[in-house]
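# Overview (structure and organization)
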Amino acid sequence: MVKIHTEFADVTADIVFDVLHDPDYRKVWDSHMLASEEIGILNVNNDVGYYAMSCPPPLKPRDFVLQRSWLDTGPQGEQMLLSRSVPHKNYPPKKGYVRAMSYITGFVLRTNENSKTGCILKYVAHCDPQGTLPPWLVNKVTHTLGPRMVKDLKKAALGYPGWKLTQPHLRKPWRFPEEIRCPRISIDDCLDTVTVPLALPPAATVSSPKSAPSQQQSPSTPQPPAQRKLPQLKTQTNGRVLPILHKKAQSTPSSPVVEEAKFPKRDDLKELLEEKRKDEKKKQKDAKEPKGKDGKEGLKSSKELEKEAKAAAKESKKLSKAAAKEAAAAESALAKKEKKEKGLTKRRSLLNLKF
């Protein structure tokens, strides 16, 4: 969403209001416009139009179907012009254009109290260009297009009175409704209508009592298979949905049949308790025997592990000592070699001296 607040010191609010409305003059000053059509009017202060604009490459051009609403509250009040996107049955999306969405685009004009020839302009726009555009690109374009449009609007307002005098007619239907020449359209043309098919219930056939004996007399005639009736749903006040039961199901008694409880005797209970105690004793014995064996094996294994750890520590110490000895011997050998080489170089240097 973009919001702009600016002041025009040398342009009146009436002229800016006329520049925003005049479709013929927009072709002169709007450099981004590719096409513009007046579809029709809804009433004196509302119309619907088509607008197509160019975008910087490599973006495709965008088009809109907009409903405009305007109101002029008088010389000391405000002049407002609002628009938003609406669908129209005669203007579907076209090839080569991306149908964009304008949530709101509004202009509010007020006369500047300090200067009689100036005005205050407030502009708000919230659009969705549609397509597969990254958000950073959309934000960058909107930040540049909004201020540029305001600058172009000021230049156009300065040259509008002279341009209007050169035209063959001085019509202003947005101010004088008797000059409107656009056709009247219905708001139903600007609504998304979706037809939903309604499923009607099949007609119920009622068999008369007279026809019943005739059917019994002729059993050989083939009869269609009886369709299974689905339970109907009934909404209750508590929000739950419960099926309506069949008549036969309603005739059945709702109270369940309770059988007499059979309690075991004392002798049977004693036998059961003794069997349970015997089973528990057996389980305890079986659990104790493997535990002892496992404990001994665990002790043995722990002792053996300690011995193995000690032996490994001794071997590591021996290896470390041997490695240290080897490193010391290698260092001493290198030092001896260096001393020998230094002595030789000194002798050679002495022999090379010339007295």
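Residues numbered from 1 in each chain as written. Predicted model: local features only at pLDDT ≥ 70, side-chain atom pairs only at ≥ 80, totals over all residues. Heavy atoms only, no water.

Within this structure, the stated rule accounts for 5 aromatic pairs. Among the aromatic residues, those joined into a ring-pair cluster are Tyr25, Tyr160 and Trp163. (Phe/Tyr/Trp six-rings, centres within 6.5 Å; stacked < 30°, edge-to-face > 60°.)

Across the interface, helix α1 (residues 13–21) lies against helix α3 (residues 135–165) with an axial gap of 9 Å and an inter-helix angle of 100°. Judged on the interaxial angle alone, α3 and α1 are roughly perpendicular. Here α1 contributes Ile15, Val16, Asp18, Val19 and Leu20 to the contact with α3, which in turn contributes Leu153, Ala156, Ala157, Tyr160 and Pro161. Class assignment for the residues of the contact of α1 with α3 results in 9 nonpolar, no polar and 1 charged. (Axes fitted to C-alpha atoms, helices over the stretch in contact; angles between N-to-C directions. Helix = DSSP H or I, 4+ residues; strand = E, 2+ residues; numbered from the N terminus. Parallel < 35°, antiparallel > 145°, perpendicular 65-115°, else oblique. Contact = heavy atoms within 4.5 Å. Nonpolar A, V, L, I, M, F, W, Y, C, P; charged D, E, K, R; others polar.)

Among the surface-exposed residues, Lys310, Lys314, Lys317, Lys318, Lys321 and Lys325 lie close enough to one another that they form a single positively charged patch. The topology assignment puts Lys318 in helix α6 (residues 266–352). (Patch = residues over 30% accessible without salt bridge, like charges linked within 9 Å, V, L, I, M, F, W, Y side chains within 5 Å. Areas by Shrake-Rupley, 256 points an atom, 1.4 Å probe, with all protein chains shown as cover. Salt bridge = Lys/Arg side-chain N within 4 Å of Asp/Glu carboxyl O. Lys, Arg positive; Asp, Glu negative; His and termini not counted. Charge placed at Lys NZ, Arg CZ, Asp CG, Glu CD.)

Because each turn of an α-helix spans 3.6 residues, side chains separated by three or four positions in sequence point in the same direction. With 7 of 9 residues buried, α1 lies mostly within the body of the structure. Turning to α1, its buried residues are Ala13, Val16, Phe17, Asp18, Val19, Leu20 and His21. (Buried < 20%, exposed > 50% of the residue type's maximum accessible area, 1.4 Å probe, protein only.)

Take α3 next. Helix length check: α3 (31 residues) gives 44 Å between terminal C-alpha atoms against 45 Å at 1.5 Å per residue, within 8%. A bend of about 45° at Gly159 is the largest found in α3, and the proline Pro161 appears one to four places after it. Buried within α3 we find Val138, Gly146, Val150, Leu153, Ala156, Ala157, Tyr160, Trp163 and Lys164. Buried residues along α3 sit in contact with β1 (2–8), α1, α2 (23–29), β7 (101–111) and β8 (119–128). (Expected span 1.5 Å × (residues − 1). Bend = angle between axes of the 7 residues up to and from the residue.)

On to the pairing of β8, then. By the bridge criterion, 7 bridges tie β1 to β8 in an arrangement that is antiparallel. Its bridge partner being in β8, His5 is matched across the sheet by Lys122. Summarising the sheet, β7 and β8 pair through 10 bridges and their orientation is antiparallel. Along β8, the bridge assignment pairs Arg110 with Ile120. (Pairing = 2+ DSSP bridges.)

Turning to its location among the elements, Ser83 is positioned in strand β5 (residues 78–85). Here Ser83 falls in the buried class, since its relative accessible area comes to 14%. Once you skip the residues sitting within four places of it in the chain, Ser83 turns out to touch Gln67, Arg68, Ser102, Ile104 and Thr105.

Further remarks concern the side chain of Asp30. With respect to the element layout, Asp30 can be found in the loop between α2 and β2 (33–43). Polar contacts involving the side chain of Asp30 include one to the main-chain amide nitrogen of His32, which spans 3.2 Å. (Polar contact = N/O pair within 3.5 Å; in protein donor to acceptor, adjacent residues only side chain to side chain.)

Looking at the protein chain as a whole, the pLDDT averages 78, with 73% of positions reaching at least 70. Low confidence marks residues 230–255, where pLDDT is under 50. Its contacts with residues over four positions away, or in another chain, come to 15 contacts. Across residues 291–295, confidence stays below pLDDT 50; counting only partners more than four residues off in sequence or on other chains, it has 0 contacts. (pLDDT = per-residue confidence, 0-100.)

Among the secondary structure elements, Asp152 is positioned in helix α3. Residue classification places Asp152 among the partly exposed positions, given a relative accessible area of 24%. Counting along the chain gives 122 residues from Asp152 to Asp30, while the straight-line C-alpha distance between them is 7.6 Å.

We now examine the nonpolar core. Phe8, Val16, Val19, Tyr25, Phe107, Leu121 and Leu153 are the most contacted members of the largest nonpolar core, which has 26 residues in total. Listed by contribution, the elements that provide at least two residues to this core are β1, α1, α2, β7, β8 and α3. Among the elements that line this core, the one with the most residues is α3, at 6 residues. Once residues within four sequence positions are removed from consideration, Val19 is found in contact with Tyr25, Trp29, Leu153, Ala156, Ala157 and Tyr160. Core analysis: the second largest hydrophobic core is formed by 10 residues, Leu42, Val65, Val86 and Ile185 among them. (Core = buried A, V, L, I, M, F, W, Y, C linked by side-chain atoms within 4.5 Å.)

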